[in-house]
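Single-letter residue listing:
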Amino acid sequence: MGTWLLNDLAGRIPGNMGLRTCPKHYACWWLYKNVRTLVYINKYKNINVITDISLLQFWPFIFLNASYPPYEVKGSLVETMHIFAHKLGFCFEYVVPESLVYGIELPNGTWTGLMGQLTRREVDMSGGVFTQTVPRGKVIDFSLPLYVSDLAIGYMRPQLEPDIAGFIKPFTLLVWLLLLVAVGTVIICIWFFQYQHARLSTVPSRRCDQLCSGGGSVPLGDASGPGDDAQGPGDDTPGPGDDAQGPGDDAGGQAFLWTLAATLSQGSTWWPVAATVRVLTGTWLLMAFVLGSVYRSNLMAMLTLPILQLPFNSLEELVQTNIKVFTVPDNFLASAIQEARPGTLLQRLQKQQVINKDIEGAKVKITLGQLAFFTNRPTLEALIDTITAKSKKCSHYIAKGSYFGSSSLSLAFPKGSPLKQKIDPLVRGLRDFGILDYLYRKSLPFLTRCEKEDPVNGLHNQLRPLQLNDFYGVFIVYLVGMFLGLLAFLLELACRTLIE
């Protein structure tokens, strides 16, 4: 990235103007805020063309690292301007407008900011690129497009953090509800078929016992025979008609415990007898095996390579959130949002829009994730590159899609300037051979690294070691189960006390 430090030569040059001579074969150049002073240098005394270039920050193409001299000018266009000066053989001076804005048209037809400098012919060309618009094109001339840009939205990406409810994330809420309904249905079906089988198989057995005892006809349900007054050797065990529970009396409890154990892949001592119940339990065992395998595999995948859910990934999703959006004041986008027609996405974005001339303060809030940034893509990429350079990690992302279409970024000249005819062939050559794009990418090394790490929208999944907080959800479920078990035990003690 081209960087030229302008040393303060206080006392040597009028106005304390910063001065830096260019390397060999390059033109000399200097910079001072709103000062246009001609300085002759013996080494370059054969150069008699001084070109005044208006300078305004436009990340990442050109920007200042200081608010007063000595300035440090950075950006891809710094090297581009030196190529122009070298090829055309001129010396240029940067001039910074006091208002530090591109400018808007006033009701009287005049322009403010950098546009005002161009229309009043105070400068010979712009040092940064302009977005070509029809109103601007009526009062100034544009070079051939150097770049093509669109508008994009950037925000801080979510971070990998412990999730208490992570153990239920492998399935959606709908799947969990359907699973609960399926478990309840299986319990009811097993209980019903088991009870019916036990009832049907018990009645013939009782009738046989009554007839074979020699007592003749005995009412159903009375298992006592004529000779049962005396206790026989085996009469200490409950008979078919005793008060002991029959085969189907505990069918509900058996069905509940077996279904729960099978769902949780636990063993059970109960074994179904009826063929219908065997088919039903076998089918549920297969389903429980499939569901358990899917759950464990999804849980393992989420723990080892978690997928981050973006807060938003489009303008439609952004307006459904409460995230504040910062826009640069006095530009096309800020005006478009304020003047949007009712019912449009931009009109719905008005309540979230933040317009503040404190750019540095906005940068801090964007870095901390307190604001989203809606601006042109190059500026957004430059900001993310700067944040990444400081934090040493790719902490922000750019939402998918572009807005308002693509626009051309060109250098600007006063109307009818002959310098445009000299600059256009150089722009065409640098653009067609990829040199402009190379200089642009060279000025954003950290952004390029983030794009290489994850080609899918700048989002890179990273492994994260499990923390104690990840197990809080499982611990809570265990404690709830222990509490319910203790409560059931106390109820049993209370009921036994009342019965006794």
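Residues numbered from 1 in each chain as written. Predicted model: local features only at pLDDT ≥ 70, side-chain atom pairs only at ≥ 80, totals over all residues. Heavy atoms only, no water.

Moving on, we come to the overall build of the chain. The secondary structure content of the chain amounts to 15 helices and 18 strands. Out of the 500 residues belonging to the chain, those deemed buried represent 38%. Partitioning the intrachain contacts of the chain with sequence separation of at least 6 by distance along the chain shows that 72% fall at a separation of at least 24. Carbon and sulfur atoms make up 61% of the accessible area of the chain, which amounts to about 28800 Å² in all. (Helix = DSSP H or I, 4+ residues; strand = E, 2+ residues; numbered from the N terminus. Buried < 20%, exposed > 50% of the residue type's maximum accessible area, 1.4 Å probe, protein only. Contact = heavy atoms within 4.5 Å. Areas by Shrake-Rupley, 256 points an atom, 1.4 Å probe, with all protein chains shown as cover.)

Another point: the nonpolar core. The biggest cluster of nonpolar side chains holds 54 residues, and the ones touching the most others in it are Phe 61, Phe 84, Val 129, Phe 130, Leu 146 and Leu 411. Residues contacting Leu 146, with those up to four places away along its chain left out, are Leu 77, Val 129, Leu 409, Ser 410, Leu 411, Val 427, Arg 431 and Leu 436. Counting residues in each nonpolar core, the second largest holds 20 residues, with Leu 333, Ala 340, Leu 346 and Leu 349 among its members. (Core = buried A, V, L, I, M, F, W, Y, C linked by side-chain atoms within 4.5 Å.)

A few words on the packing of aromatic side chains. If you walk through the whole model with that rule in mind, you get 14 aromatic pairs. Ring centres of Tyr 155 and Phe 312 lie 5.6 Å apart, and the angle between their planes is 35°; on these two criteria the pair is classed as tilted. Here the residue Tyr 155 occupies a position in strand β12 (residues 147-156), and Phe 312 occupies one in the loop between α6 (275-304) and α7 (315-318), the gap between them amounting to 157 residues. Of the residues examined, Phe 312 reaches a relative accessible area of 0% and is grouped as buried. (Phe/Tyr/Trp six-rings, centres within 6.5 Å; stacked < 30°, edge-to-face > 60°.)

Taken as a whole and judged by the stated rule, the model has 1 cavity of 30 Å³ or more. Lining the largest cavity, in full, are Gly 154, Tyr 155, Ile 366, Leu 380, Leu 383, Ile 384, Ile 387 and His 396. Listing elements by their share of the lining of the largest cavity, those giving two or more residues are β12 and α11 (377-391). With 4 residues, the top contributor of residues to the lining of the largest cavity is α11. Of the residues that constitute the lining of the largest cavity, the class distribution is 6 nonpolar, 2 polar and no charged. (1 Å grid on protein atoms, 1.4 Å probe; cavity = no way out; pocket = protein on both sides within 12 Å on 5 of 7 lines; lining within 4 Å. Points joined across faces, edges and corners; volume = space filled by probe spheres on them. Nonpolar A, V, L, I, M, F, W, Y, C, P; charged D, E, K, R; others polar.)

With that settled, consider the side chain of Ser 443. Mapped onto the elements of the fold, Ser 443 is located in the loop between α13 (435-442) and α14 (445-453). Overall, the relative accessible area of 5% leaves Ser 443 in the buried class. Engagement of the side chain of Ser 443 in a polar contact is seen with the backbone oxygen of Tyr 440, the distance being 2.6 Å. (Polar contact = N/O pair within 3.5 Å; in protein donor to acceptor, adjacent residues only side chain to side chain.)

Another aspect to go through is the environment of Phe 63. Residue position: Phe 63 is located in strand β6 (residues 63-64). On the accessibility criterion, Phe 63 (12% relative accessible area) is buried. Along the sequence, Phe 63 and Gly 127 sit 64 residues apart, while their C-alpha atoms lie 10.0 Å from each other.

By the element assignment, Gln 194 lies in helix α4 (residues 173-212). A distance of 2.4 Å separates polar atoms of two side chains, one belonging to Gln 194 and the other to Gln 254. Excluding its chain neighbours within four sequence positions, the residues that come into contact with Gln 194 are Ala 251, Gln 254, Trp 270 and Val 277.

With that settled, the discussion passes to the packing of helix α1 (residues 76-88) against helix α12 (residues 419-432). Two quantities define a packed helix pair, namely the angle between the helix axes and the distance between the axes. Where α1 contacts α12, the axes come no closer than 11 Å and their chain directions differ by 120°. As judged from the angle between their axes, α1 and α12 are oblique. The way α1 lies across α12 gives a crossing that is right-handed. Contact residues: α1 offers Thr 80, Ile 83, Phe 84, Lys 87 and Leu 88, while α12 offers Leu 419, Lys 422, Ile 423, Leu 426, Val 427 and Leu 430. When the residues that make up the contact of α1 with α12 are grouped by side-chain class, the tally is 8 nonpolar, 1 polar and 2 charged. (Axes fitted to C-alpha atoms, helices over the stretch in contact; angles between N-to-C directions. Parallel < 35°, antiparallel > 145°, perpendicular 65-115°, else oblique. Left-handed = near helix turned anticlockwise from the far one by under 90°.)

Glancing now at the layout of surface pockets. Of the voids in this model, the second largest pocket is the one considered here, and its volume is about 880 Å³. Forming the walls of the second largest pocket are 21 residues, and the residues nearest its centre are Trp 176, Leu 179, Thr 263, Leu 264 and Tyr 295. Each residue belonging to the lining of the second largest pocket can be placed in one class, and the counts come to 17 nonpolar, 3 polar and 1 charged.

This part covers the environment of Gly 184. Note on placement: Gly 184 falls in helix α4. For the pair Gly 184 and Leu 260, spaced 76 residues apart in sequence, the C-alpha separation works out to 9.8 Å.

A few words now on the packing of α1 against α13. Contact geometry for α1 and α13: axes closest at 8 Å, N-to-C directions at 140°. Within the contact between the two elements, α1 uses Ser 76, Glu 79 and Thr 80 and α13 uses Leu 436, Leu 439, Tyr 440 and Lys 442. Residues belonging to the contact of α1 with α13 are distributed by class as follows: 3 nonpolar, 2 polar and 2 charged.

Along the polypeptide, Pro 414 turns up in strand β18 (residues 412-414). Taking relative accessible area as the criterion, Pro 414 reaches 3% and is therefore assigned buried. A C-alpha to C-alpha distance of 6.0 Å links Pro 414 and Asp 141, two positions 273 residues apart in sequence. Setting aside residues no more than four positions away along its own chain, Pro 414 makes contact with Leu 118, Arg 121, Val 123, Asp 124, Met 125 and Asp 141.

Below, the discussion takes up the pattern of salt bridges. Per the counting criterion, the structure on display carries 7 salt bridges. One salt bridge connects Arg 120 with Glu 122, and the closest N-O pair in it is separated by 2.8 Å. Residue classification places Glu 122 among the partly exposed residues on the basis of a relative accessible area of 30%. Residue Lys 415 pairs with Asp 141 through a salt bridge whose shortest N-O separation is 3.3 Å. A residue pair is termed long-range when its members are at least 10 positions apart, and Lys 415 in the loop between β18 and α12 and Asp 141 in strand β11 (residues 140-142) qualify at 274 residues. (Salt bridge = Lys/Arg side-chain N within 4 Å of Asp/Glu carboxyl O.)

Turning our eyes to something else, we now look at the confidence of the model for the chain. It should be kept in mind that the predicted coordinates are not to be read in detail where pLDDT is low. Mean pLDDT for the chain: 75, with 73% of residues reaching 70 or above. For the chain, per-element mean pLDDT is lowest for strand β2 (residues 7-8), which scores 32, and highest for β11, which scores 95. Below pLDDT 50 for its whole length, residues 210-245 participates in 23 contacts with residues either more than four positions away or in separate chains. Below pLDDT 50 for its whole length, residues 455-461 participates in 18 contacts with residues either more than four positions away or in separate chains. (pLDDT = per-residue confidence, 0-100.)

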